[in-house]
Amino acid sequence: MSQPHPFFGCASLARVEHPGASMRRRDFILTAVGATVGWSSAALAQSTDRVRLVGLLNALGSDDPEGQIRVVIFQQALQQLGWEVGRNLRIDARPGGGNNEILRKNAAELVALAPDAILSIGSLAVGVLQQATHSIPIVFVNSPDPVGAGVVQSMAHPGGNITGFSNFEYSMSGKWAELLKQLAPRTTRALVLRDPSSAAGIGQFAAVRSVAQSLGIELTAVDVRDTAEVERRVAEFARAGNGGMIVASGGTGSHRKVFIELAARYKLPAIYPYGYYAADGGLITYGPNTHEPLRRAAGYVDRILKGEKPGDMPVQAPIKYDLIINTRTAKALGIAIPESMLATADELIE
């Protein structure tokens, strides 16, 4: 059986920084493990009669820095609500690494432990958990269109044992095509890297296509599950010129370093769904913050541990999407970022 994530043995954690802040993510993780945080009297007064068990299924791998940061943020948020690992809380975290078989195995193991609640990170993770249990409360984050995917009955009244925080309205995915055209006006062709087994991959491709047609961009979908096939398709695509690349969300994050390296190798302008792609060297990202929902999810888990039902807690949608530009990558690719984009960016990585 898989062992809990090593971070969950920590007694205390440091403040989390946004990707692109001065502290590098690896430095943050090391600092988080060794830091000391004071406890409020209210937190220490919380009952310790029973240690509660919370499971965590993370679509990213245990060796992925972004996946590690997500685990730390969630634990820190629970600590701020009075839950202390080793005193009144135990957390069992299982990784996925973008592998459906591993996700299913780890989901089954978590369910067998009968935890008080499970946090699901990523659309692939919530899908396998939904199949594994209909009774254990589940709070999801970073999962798009939960109604369309059949995860909940409605946003306002999810019903059942699942609620959480969605991360994309499919219509906003069309913005990726607009930004790609703005970034590289001569673009007439674009590869869309997606996972067709994810509802996000299908829904976002449709939204991108509806906008791309009006911009004169011909789209080609590429399945991300086979890395060798992705490399072959990108190499073949790049030879024809006037091309760009769009990476959808949903099952793609574990492969991001491959996508970023391919875009660099073939000098392709590319846009990605989350800020941590830019932190890893991606050119431009446009999408929701992936960390704030974890803090809010901790609040939902706290309420569930205190007796509330997930089916009565509304699913919440993102309220803001961030444009992040890696100017170092732009320079390396020989791409001049338009001043209008630089002026409207929420963050520049220089």
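Everything numeric here is computed off the predicted structure, so don't read it as measured data. Here, residues in each chain are numbered from 1, in the same order as that chain's written sequence. The predicted nature of this model means local features are confined to residues of pLDDT at least 70 and side-chain atom pairs, given and counted, to a pLDDT of 80 or more, with totals for whole chains, interfaces and linings taken over all residues. Water and hydrogen atoms play no part in the side-chain values, which are based on all heavy atoms of the structure.

Visitor: So what exactly am I meant to see when it comes to the sheet that holds strand 10 (residues 284–287) here?
Guide: Within a sheet, adjacent strands bond to each other through the backbone by hydrogen bonds, running parallel or antiparallel. One open sheet holds the seven strands; their spatial order is 7-6-8-9-10-11-12, and the pairing between them is mixed. Sheet topology places strand 7 (218–223) and strand 12 (347–349) at the edges, where each strand pairs with a single neighbour. Strand-to-strand, the axes of this sheet are offset by a mean angle of 20°, without reference to chain direction. Pairing between two strands requires that DSSP report at least two bridges joining them. Helix numbers and strand numbers start at the N terminus; a helix is a DSSP run of H or I with at least 4 residues, a strand a run of E with at least 2. Across two bridges, strand 9 (residues 270–272) lies against strand 10 in parallel orientation. Across the sheet, Tyr-272 pairs through a bridge with Thr-285, a residue of strand 10. Only the stretch in contact is used when a helix axis is fitted, and all axes are lines through C-alpha atoms; the angle between N-to-C directions ranges over 0 to 180 degrees.

Visitor: How do you make sense of empty space enclosed by the protein when you look at a structure like this?
Guide: Once rolled over the atoms, a probe with the size of a water molecule shows which space is left empty. Buried and open spaces are told apart on a 1 Å grid over the protein atoms alone, a cavity being a set of points where a 1.4 Å probe fits but cannot get out and a pocket being an open set with protein on both sides within 12 Å along at least five of seven lines. Residues with an atom within 4 Å of a point are the lining residues. Grid points are joined across faces, edges and corners, and a volume is the space filled by probe spheres set on the points. Enumeration according to the criterion identifies three cavities of 30 Å³ or more in this entry. Of the volumes computed, that of the largest cavity is approximately 180 Å³. Surrounding the largest cavity, 18 residues form its lining, Ala-59, Gly-122, Gly-251, Gly-253 and Tyr-276 being those nearest its centre.

Visitor: Before we go on, may I ask you to explain the confidence of the model for the protein chain in this structure?
Guide: Atomic detail in the predicted coordinates should be set aside for any region of low pLDDT. Per-residue confidence for the protein chain gives a mean pLDDT of 85; residues scoring 70 or more make up 86%. Note on scores: pLDDT gives the predictor's confidence for each residue, bounded by 0 and 100. By the convention used here, residues are in contact when the closest approach between their heavy atoms is within 4.5 Å. In the model, residues 1–48 has pLDDT below 50 throughout and makes 98 contacts with residues more than four positions away in sequence or in other chains.

Visitor: What am I meant to see in the packing of aromatic side chains here?
Guide: Two measures describe an aromatic ring pair: the distance that separates the ring centres and the angle between the ring planes. Between rings of Phe, Tyr and Trp, where Trp is taken as its six-membered ring, a pair exists when centres lie within 6.5 Å; planes separated by under 30 degrees are stacked, by over 60 edge-to-face, and by other angles tilted. Evaluation of the coordinates by the stated rule reveals eight aromatic pairs. Look at Phe-168 and Tyr-321: their rings are 6.1 Å apart centre to centre, the planes differ by 25°, and that puts the pair in the stacked class. Residue Phe-168 is located in the loop between strand 5 (162–166) and helix 6 (174–183), and its partner Tyr-321 is located in the loop between helix 11 (292–305) and strand 11 (322–326); the two are separated by 153 residues in the primary sequence. Aromatic pair Tyr-276 and Tyr-277: ring centres 5.2 Å apart, planes at 25°, arrangement stacked. For the residue pair Tyr-276 and Tyr-277, the accessibility class agrees, reading buried in each case. Through a chain of ring-to-ring contacts, the aromatic side chains of Phe-168, Trp-176, Tyr-272, Tyr-274, Tyr-276, Tyr-277, Tyr-286 and Tyr-321 assemble into a single cluster. Directly above the aromatic system of Phe-237 lies the positively charged group of Arg-189, at a separation of 3.9 Å from the ring centroid. Sitting over a ring, as applied to charges here, requires NZ of Lys or CZ of Arg to be within 6 Å of the ring centre and within 35 degrees of the ring normal. Over the aromatic face of Phe-205 sits the side chain of Arg-194, whose NZ or CZ is 4.8 Å from the ring centroid. Throughout, exposure labels follow a simple rule: accessible area from a 1.4 Å probe, protein chains only, divided by the maximum for the residue type, with under 20% read as buried, over 50% as exposed, and the rest as partly exposed.

Visitor: Sorry if this is basic, but what is going on with the packing of helix 3 (residues 65–80) against helix 11 here?
Guide: Packed helix pairs are specified by the crossing angle of their axes together with the interaxial distance, meaning the distance between the axes. The N-to-C vectors of helix 3 and helix 11 enclose an angle of 45°; their axes lie 8 Å apart at closest approach. By the angle class used here, helix 3 and helix 11 are oblique. For the element pair helix 3 and helix 11, the recorded crossing hand is right-handed. Residues Arg-70, Ile-73, Phe-74, Ala-77 and Leu-78 of helix 3 form the contact with helix 11, whose own contacting residues are Leu-294, Arg-295, Ala-297, Ala-298 and Val-301. In terms of residue class, the contact of helix 3 with helix 11 is built from eight nonpolar, no polar and two charged. Oblique is the label for any angle not under 35 degrees, not over 145, and not in the 65 to 115 range, which are roughly parallel, roughly antiparallel and roughly perpendicular in turn. For any helix crossing, the convention is left-handed if the near helix is rotated counterclockwise from the far helix by under a right angle, and right-handed if that rotation is clockwise. Classes in brief: Ala, Val, Leu, Ile, Met, Phe, Trp, Tyr, Cys and Pro nonpolar; Asp, Glu, Lys and Arg charged; the others, Gly included, polar.

Visitor: Please clarify how the sheet that holds strand 3 (residues 117–121) should be interpreted in this entry.
Guide: Spatially, the five strands line up as an open sheet ordered 2-1-3-4-5, and their pairing is parallel. Only two strands of the sheet have a single neighbouring strand rather than two, namely strand 2 (89–95) and strand 5. Geometrically, the sheet is characterised by an average inter-axis angle of 15° between neighbouring strands, direction not taken into account. Pairing of strand 1 (residues 52–58) with strand 3, which is carried by five bridges, proceeds in the parallel orientation. Each bridged residue has a counterpart across the sheet, and for Gly-55 the counterpart in strand 3 is Ile-118. Running at roughly 175° to strand 1, helix 4 (residues 100–112) makes contact with strand 1, strand 2 and strand 3 of the sheet. Helix-sheet contacts for helix 11 involve strand 1, strand 3, strand 4 (138–143) and strand 5, and the interaxial angle to strand 4 is about 170°.

Visitor: Help me understand the side chain of Thr-163, please; the structure alone is not making it clear to me.
Guide: Tracing the backbone through its elements, the reader meets Thr-163 in strand 5. A residue is classified by how much of its surface remains accessible, and Thr-163, at 0% relative accessible area, is buried. Residues within four places of Thr-163 in sequence aside, it is in contact with Ile-138, Val-139, Phe-140, Pro-158, Tyr-300, Pro-310, Met-313, Pro-314 and Val-315.

Visitor: Is there a simple way to explain helix 5 (residues 123–132) in this structure?
Guide: Where helix 5 is concerned, the buried positions are Ser-123, Leu-124, Ala-125, Val-126, Val-128 and Leu-129. Of the surrounding elements, those touching the buried residues of helix 5 are strand 1, helix 4, strand 3, strand 4 and strand 5.

Visitor: So what exactly am I meant to see when it comes to the pairing of strand 8 (residues 243–247) here?
Guide: Regular strands show a simple pattern: their side chains alternate between the two faces of the sheet. Taking burial as the measure, the five residues of strand 8 include five buried ones, the bulk of the element. Going residue by residue along strand 8, you find Gly-243, Met-245 and Val-247 tucked away on one face and Gly-244 and Ile-246 tucked away on the opposite face as well. In this structure, strand 6 (residues 189–194) lies alongside strand 8, joined through five bridges in parallel fashion. Its bridge partner lying in strand 8, Leu-191 is registered against Met-245. The pairing of strand 8 with strand 9 spans two bridges and is classified as parallel. Considered in strand 9, the bridge of Ile-246 is made with Ile-271. Whether a crossover is right-handed depends on one test, that the path from the first strand over the helix to the second runs clockwise when the strands point away from the viewer. Once you follow strand 8 into helix 9 (residues 256–265) and on to strand 9, the crossover reads as right-handed.

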